[in-house]
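Residue-level listing of the chains:
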Amino acid sequence: MKKLYDLVIVGAGPAGLTAGIYAARAKLDAVIIERFAPGGQIALSDWVENYPGFEGISGMELTERMRAQAEKLGVRFITGEAKGLEEYRNKKVIYVDSDWYESKTVIVATGASPKELGVEGEREFVGRGVSYCATCDGAFYKGLEVAVVGGGDTAVQEAIFLTKFASKVYLIHRREKLRAAPILQERLFKNEKIEVIWDTVVERIVGTNAVEKLELKNVKTGEKKELPVAGVFIFIGIRPNTAFVEDVLELDANGFVITGENLETNIPGVFAAGDVRRKSLRQVITACADGAVAAFQAQQFIERMC
């Protein structure tokens, strides 16, 4: 007979880890399921400086501290990929690879993944010049010229980070104004190694064995040109990791989980937290807040069952 957990948390990013900490403190029998290493996207960030209490800390160190705290409190971690979720006789069943787990409540905290440009050459050259993580791959481009695509906080932060290695960084943005926070823009424009290419999109990524150049198009003038670079880093947004619940939970047009004020989904006892849900601000601190609220609501749901 399968063990019945109080709470199964799917995802070990800041939202899932915080939910685990709060669940453990509430004496819930909780388990966290994560397909990769704990930490989520923020673990790949070079530097986090807007998390209260830290003037600056690497994303890896911050999430490692969260994971260690959860483990110390007794939260169990299981490595595996969630494949499905269903409700059966007042229990939630989470299918993970070839196994399954049963629980009274579930928190979906699977986060989101980087969006692709969807242009020719992108998938072909992943790992050979196309990257979605400057922290992971920046050191490979020491003394070389690279491009960053995007105009938000992440794109600007990663462009600045890449100047530690690259001789030149081109920031390619499809509009004439960046969306990044003013303080980040200020740092960007002061950096002599960064050149912004405005009103421009990448139409094709070209190379033989690795990326050699980008084919660009100005969206206002229609002018096309080639930009020789050794690598291109893409930061144009995220897509939620909701494939395993797309036929079960209510999602918005972009695939994010729709939740109520208390982070409840359309299935009683199932909650969503962090970047995976529809919300206006996706930051480490809002993910942690979501995790705390979701764990508290799971506790309340279990108490009402008794």
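What counts, and at which threshold
- Residues numbered from 1 in each chain as written.
- Predicted model: local features only at pLDDT ≥ 70, side-chain atom pairs only at ≥ 80, totals over all residues.
- Heavy atoms only, no water.
- Helix = DSSP H or I, 4+ residues; strand = E, 2+ residues; numbered from the N terminus.
- Buried < 20%, exposed > 50% of the residue type's maximum accessible area, 1.4 Å probe, protein only.
- Contact = heavy atoms within 4.5 Å.
- Areas by Shrake-Rupley, 256 points an atom, 1.4 Å probe, with all protein chains shown as cover.
- Salt bridge = Lys/Arg side-chain N within 4 Å of Asp/Glu carboxyl O.
- Axes fitted to C-alpha atoms, helices over the stretch in contact; angles between N-to-C directions.
- Left-handed = near helix turned anticlockwise from the far one by under 90°.
- Nonpolar A, V, L, I, M, F, W, Y, C, P; charged D, E, K, R; others polar.
- Polar contact = N/O pair within 3.5 Å; in protein donor to acceptor, adjacent residues only side chain to side chain.
- 1 Å grid on protein atoms, 1.4 Å probe; cavity = no way out; pocket = protein on both sides within 12 Å on 5 of 7 lines; lining within 4 Å.
- Points joined across faces, edges and corners; volume = space filled by probe spheres on them.
- Pairing = 2+ DSSP bridges.
- Core = buried A, V, L, I, M, F, W, Y, C linked by side-chain atoms within 4.5 Å.

**Digging into the overall build of the chain**
Broken down by element type, the chain carries six helices and 17 strands. For the chain, the C-alpha atoms occupy an extent of roughly 65 × 40 × 35 Å along the three principal directions. Within the span of the chain, comprising 306 residues, buried residues form 50% of the whole. A sequence separation of at least 24 residues applies to 58% of the contacts in the chain between residues at least 6 apart. For the chain, the computed accessible surface area is about 15300 Å², with 49% contributed by carbon and sulfur atoms.

**Here we look at the pattern of salt bridges**
Pairing between side chains of opposite charge can happen when the charged atoms of each approach one another. On inspection of all chains with the given rule, the structure shows 22 salt bridges. For E64, the salt bridge goes to R67, with nearest N and O atoms at 2.4 Å. Taken as a pair, E64 and R67 lie in helix 2 (residues 59-72) at a separation of three residues, close to a single helical turn. Given the relative accessible area of 18%, R67 is considered buried. The partner of R67 in a salt bridge is E71, and the shortest N-O contact between them spans 2.3 Å. With R67 and E71 both in helix 2 and four residues apart, this pair spans about one turn of that helix. By relative accessible area, which is 41% here, E71 ends up partly exposed.

**Details of the packing of helix 4 (residues 153-162) against helix 5 (residues 182-190)**
Helix packing for two helices is described by the angle between their axes and how far apart those axes are. The contact between helix 4 and helix 5 brings their axes to 10 Å, and the two run at 35°. Relative to helix 5, the crossing made by helix 4 is left-handed. For the pair helix 4 and helix 5, the contacting residues are D153, V156, Q157, A159 and I160 in the first and L184, Q185, R187 and L188 in the second. Tallied by class, residues from the contact of helix 4 with helix 5 come to five nonpolar, two polar and two charged.

**Structural notes on the side chain of T259**
In this structure, T259 sits in the loop between strand 16 (238-240) and strand 17 (270-272). Leaving out residues up to four positions away in the same chain, T259 has contacts with E264, T265, A272 and R277.

**A closer look at the side chain of T200**
Positionally, T200 belongs in strand 12 (residues 200-207). A polar atom in the side chain of T200 sits 2.7 Å from the backbone oxygen of W198.

**Side note on the layout of surface pockets**
In this structure, the second largest pocket spans a volume of roughly 220 Å³. Along the wall of the second largest pocket there are 15 residues; nearest its centre are L117, V149, G150, R174 and I236. The biggest single contributor to the lining of the second largest pocket is strand 12, with three residues. Class assignment of the residues belonging to the lining of the second largest pocket gives a composition of eight nonpolar, four polar and three charged.

**A few points about the sheet that holds strand 12**
Spatially, the three strands line up as an open sheet ordered 12-13-14, and their pairing is antiparallel. Looking along the sheet, the strands with just one partner apiece sit at the ends: strand 12 and strand 14 (224-228). Here the strands of the sheet are splayed against their neighbours by 25° on average, with no regard to which way each runs. Of the strand pairs in this sheet, strand 12 and strand 13 (residues 211-218) are connected by seven bridges, and their pairing is antiparallel. Pairing of V206 across the sheet is with K213, part of strand 13.

**Topic: the environment of R128**
Following the sequence through the fold, R128 ends up in the loop between strand 7 (112-114) and strand 8 (130-131). On the accessibility criterion, R128 (34% relative accessible area) is partly exposed. When the C-alpha atoms of R128 and V211 are compared, they prove to be 6.5 Å apart, with 83 residues separating the residues in sequence. In this view, R128 contacts T208, N209, A210 and V211; residues no more than four positions away in its chain are not counted. Within polar-contact distance, the side chain of R128 engages the backbone oxygen of N209 at 2.7 Å.

**Structural notes on the sheet that holds strand 10 (residues 168-172)**
Sheet architecture is open: five strands sit in the order 8-15-9-10-11, paired in parallel fashion. Edge strands, defined here as strands with exactly one partner in the open sheet, are strand 8 and strand 11 (194-197). Pairing geometry for strand 9 (residues 145-149) and strand 15 (residues 231-234), over four bridges, is parallel. Residue pairing in the sheet places A147 in a bridge with V232 of strand 15.

**Structural notes on the nonpolar core**
As a rule of thumb, soluble globular proteins bury nonpolar side chains together. Counting 33 residues, the largest nonpolar core has L7, Y51, L62, M66, I107 and V284 as its most contacted members. If you list the elements that add at least two residues to this core, you get strand 1 (4-10), helix 1 (14-25), strand 2 (30-34), helix 2 and helix 6 (284-305). Of the residues forming this core, the biggest block, eight residues, is contributed by helix 6. Beyond its immediate chain neighbours, meaning those up to four positions away, Y51 contacts L62, M66, V284, I285 and C288.

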